[in-house]
Amino acid sequence: MIIDLAEALIELCKTDNHKFVMYGMPTNQTEWEVNVKFINGKDENNNALFSDTQPFTYAQTKTKLDSML
Amino acid sequence: MALTTVKLTAGVTGTLPAGNGGTGATSYSPGKVLQVIEDDSTTATTFTDTTYVDVGLQVTITPSATSSKILVMANCNGWKCNSSGGGAGQMRIQWDQAGGSYTNLAEYEGHNGYADNEINNISPMYLHSPNTTSASIYKVQAAQLNGFSSGSMRMNNRQADGGYMRSSIIVMEIAV
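Source: prediction; values computed, not measured. Residues take numbers from 1 onward in each chain, read along the sequence in its written order. Think of it this way: whatever chain is written first is A, whatever ligand is written first is 1, and the rest follow in order. With pLDDT at 70 or above as the cut-off, local features in this predicted model cover only qualifying residues; side-chain atom pairs require 80 or more to be listed or tallied, and sums for whole chains, interfaces and linings still use all residues. The side-chain quantities take in all heavy atoms of the structure and omit both hydrogens and water.

Participant: Please explain helix α3 (residues 58–68) of chain A as it appears in this structure.
Facilitator: Each turn of an α-helix holds 3.6 residues, which means side chains three or four residues apart point in the same direction. Residue and element names in this part refer to chain A. When accessible area is computed with a 1.4 Å probe and restricted to protein chains, residues below 20% of their type maximum are described as buried, those above 50% as exposed, and intermediate ones as partly exposed. Each helix is a run of H or I in the DSSP string that is no shorter than four residues. Each strand is a run of E no shorter than two, and both are numbered from the N terminus. Those residues of α3 that fall on the buried side of the exposure criterion are Y58, T61 and L65. The buried side chains of α3 occupy one side of the element, clustering within an arc of 70° when seen end-on. The exposed set on the far side of α3, more than 90 degrees from its buried face, consists of T63 and S67. Along its buried surface, α3 packs onto α1 (5–13) and α2 (29–35). What the arc covers is the set of directions going from the helix axis to the C-beta atoms. Here, residues are in contact when the closest pair of their heavy atoms is within 4.5 Å.

Here it is as structure tokens:
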């Protein structure tokens, strides 16, 4: 299995059971803020609702990834 | 008995009567494809929840007649589960007319293993009768299936060469 940034974020999210969707593989904080959405609920049609804040930064996740490689 | 051959491209004209196995019609438009629109993506979408998220497959089509049907075909490649027990994903096709709220047209499920060679392909299809000539949006969403909550699922998983798989959605307007 390939270890990548998403796998690192999954590990970070296990503590507080954060849920997320990640599009592509961000390479910096700017891309991170655009392409990683943390889910904090759902609407009546079971669409994900996204948080305005992010519990983890790109740098934190990259550090976690480097420790997993 | 002598065998006679007919050169169909040159020796036959006119319309074969219904009594002889033909349609009897001199023109035939039903079933004709009026337009085709496609969108694709090689962006991996990784999701960890049972709520639905967009996966980057969306098209807008404006039917030319209210009687037209819209054939929606999606080909979602590289479904991969990152959970040691495997897992299942769900997918749905949604439709929105002119900025209203989305309507669920159909939902699908697929089960995935954990190993790198247990990557699935889900290809939802739906024949829709939108009954409108207004612009219509069709899109694909995905989520983890209820009962599977650990780990993640991904569409457009990475290939061995480092690239990502391609998924697409195609809509066709069919005259009726």
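Participant: Help me understand the packing of α1(A) against α3(A), please; the structure alone is not making it clear to me.
Facilitator: The relative placement of two packed helices comes down to the angle between their axes together with the axis-to-axis distance. Residue and element names in this part refer to chain A. Helix axes are fitted to C-alpha atoms over the stretch in contact, other axes to C-alpha atoms as well, and angles between N-to-C directions run from 0 to 180 degrees. Between α1 and α3, the shortest axis-to-axis distance is 8 Å and the interhelical angle comes to 100°. Overall, the two elements α1 and α3 adopt an arrangement that is roughly perpendicular. Residues L5, E7, A8, L9, E11 and L12 of α1 pack against Y58, Q60, T61, K62, K64, L65 and M68 of α3. Side-chain classes follow a simple rule in which Ala, Val, Leu, Ile, Met, Phe, Trp, Tyr, Cys and Pro form the nonpolar group, Asp, Glu, Lys and Arg form the charged group, and the remainder, Gly included, forms the polar group. Partitioning the contact of α1 with α3 into residue classes produces seven nonpolar, two polar and four charged. Working rule for angles: under 35 degrees goes down as roughly parallel, over 145 as roughly antiparallel, 65 to 115 as roughly perpendicular, anything else as oblique.

Participant: Explain the interface of chain A and chain B here, please?
Facilitator: Accessible area lost upon the coming together of the parts serves often as the stated size of an interface. Residue-level contacts link 23 residues of chain A with 26 residues of chain B. Salt bridge, as applied in this entry: a Lys or Arg side-chain nitrogen positioned within 4 Å of an Asp or Glu carboxyl oxygen. One can count two salt bridges joining chain A with chain B. The closest approach of N and O atoms between A:E7 and B:R154, which form a salt bridge, is 3.8 Å. Polar contact is defined as a pair of N or O atoms within 3.5 Å, subject to the rule that within protein one atom must be able to donate a hydrogen and the other to accept it, and that residues adjacent in sequence are counted only when both atoms are side-chain atoms. For the pair chain A and chain B, the number of links is twelve residue pairs in polar contact (both at pLDDT 80 or more). Only α1, β1 (19–23), β2 (36–42) and β3 (48–50) of chain A provide two or more residues apiece to the side of chain A that touches chain B. Per element, the largest residue contribution to the side of chain A that touches chain B is five residues, and it comes from β1(A). Each residue belonging to the side of chain A that touches chain B can be placed in one class, and the counts come to 13 nonpolar, six polar and four charged.

Participant: It is not clear to me how unusual backbone geometry should be interpreted in this structure. Could you clarify?
Facilitator: Most peptide bonds are trans, and most residues other than glycine sit at a negative phi. Although it is not a glycine, A:N17 sits at a positive phi angle of roughly 55°. Examined against the element boundaries, A:N17 turns out to sit in the loop between α1 and β1. Positive phi is not limited to glycine here, since B:N131 has a value of about 55°. Examined against the element boundaries, B:N131 turns out to sit in the loop between β8 (125–128) and β9 (136–144). Classification of B:N131 by relative accessible area gives exposed; the value is 57%.

Participant: It is not clear to me how the sheet that holds β9(B) should be interpreted in this structure. Could you clarify?
Facilitator: Strand-to-strand pairing in sheets goes through backbone hydrogen bonds, with the strands running parallel or antiparallel. Residue and element names in this part refer to chain B. By this definition, two strands are paired if DSSP reports at least two bridges between them. Taken together, the four strands give an open sheet; going across it, the order is β3-β9-β5-β6, and neighbouring strands pair in antiparallel fashion. The sheet terminates laterally at β3 (53–61) and β6 (103–112), the two strands that pair on one side only. When the angles between neighbouring strand axes are averaged without regard to direction, this sheet yields 15°. The pairing of strand β5 (residues 87–97) with β6 spans nine bridges and is classified as antiparallel. Residue pairing for β6: Q94 is matched across the bridge by N104.

Participant: Help me out: how do you make sense of the packing of aromatic side chains in this one?
Facilitator: To describe a pair of aromatic rings, one takes the distance between the centres and the angle between the planes. Pairing of aromatic side chains here covers Phe, Tyr and the six-membered ring of Trp, requires ring centres within 6.5 Å, and sorts the geometry by plane angle: under 30 degrees stacked, over 60 edge-to-face, intermediate tilted. Inspection of every chain in the model, using the stated rule, returns three aromatic pairs over all chains. On the numbers, 6.3 Å between centres and 55° between planes, the contact of A:F20 with A:F38 is tilted. Taken as a pair, A:F20 in strand β1 and A:F38 in strand β2 lie far apart in primary sequence, 18 residues in all. On the basis of relative accessible area, A:F20 is assigned to the buried category, the value being 1%. The exposure class assigned to A:F38 is buried, which follows from its relative accessible area of 4%. For a Lys NZ or an Arg CZ to count as sitting over a ring, it must be within 6 Å of the ring centre and within 35 degrees of the ring normal. One residue, B:R92, lies across the ring of B:Y52, its end atom 3.8 Å from the ring centre. One Lys or Arg, B:K139, reaches over the ring of B:Y102 and ends 4.0 Å from the middle of that ring.

Participant: Any chance you could explain the confidence of the model for chain B here in plain terms?
Facilitator: Segments scoring low in pLDDT should not have their predicted coordinates read at a detailed level. Residues and elements named next belong to chain B. Values of pLDDT, ranging from 0 to 100, describe the predictor's confidence in every residue of the model. This prediction gives chain B a mean pLDDT of 83; 76% of its residues lie at or above 70. Here helix α1 (residues 8–11) is the element of chain B with the lowest mean pLDDT, 58, and strand β11 (residues 167–174) is the one with the highest, 97. For this predicted complex, the interface score ipTM comes out at 0.94, while the overall pTM is 0.83.

Participant: I keep staring at the pairing of strand β4 (residues 69–82) of chain B and nothing clicks. Help me out?
Facilitator: Look at any regular strand and the pattern is simple: side chains alternate between the two faces of the sheet. Residue and element names in this part refer to chain B. The element β4 is largely enclosed, with a buried count of ten among its 14 residues. Two strands pair when backbone bridges link them, and β4 and β8 are joined in this way by four bridges, in the antiparallel orientation. When the sheet's bridge partners are listed, M73 is paired in β8 with M125. Both β4 and strand β7 (residues 120–122) contribute to a ladder of two bridges, which runs antiparallel. Bridge pairing links C76 to I122 in β7.

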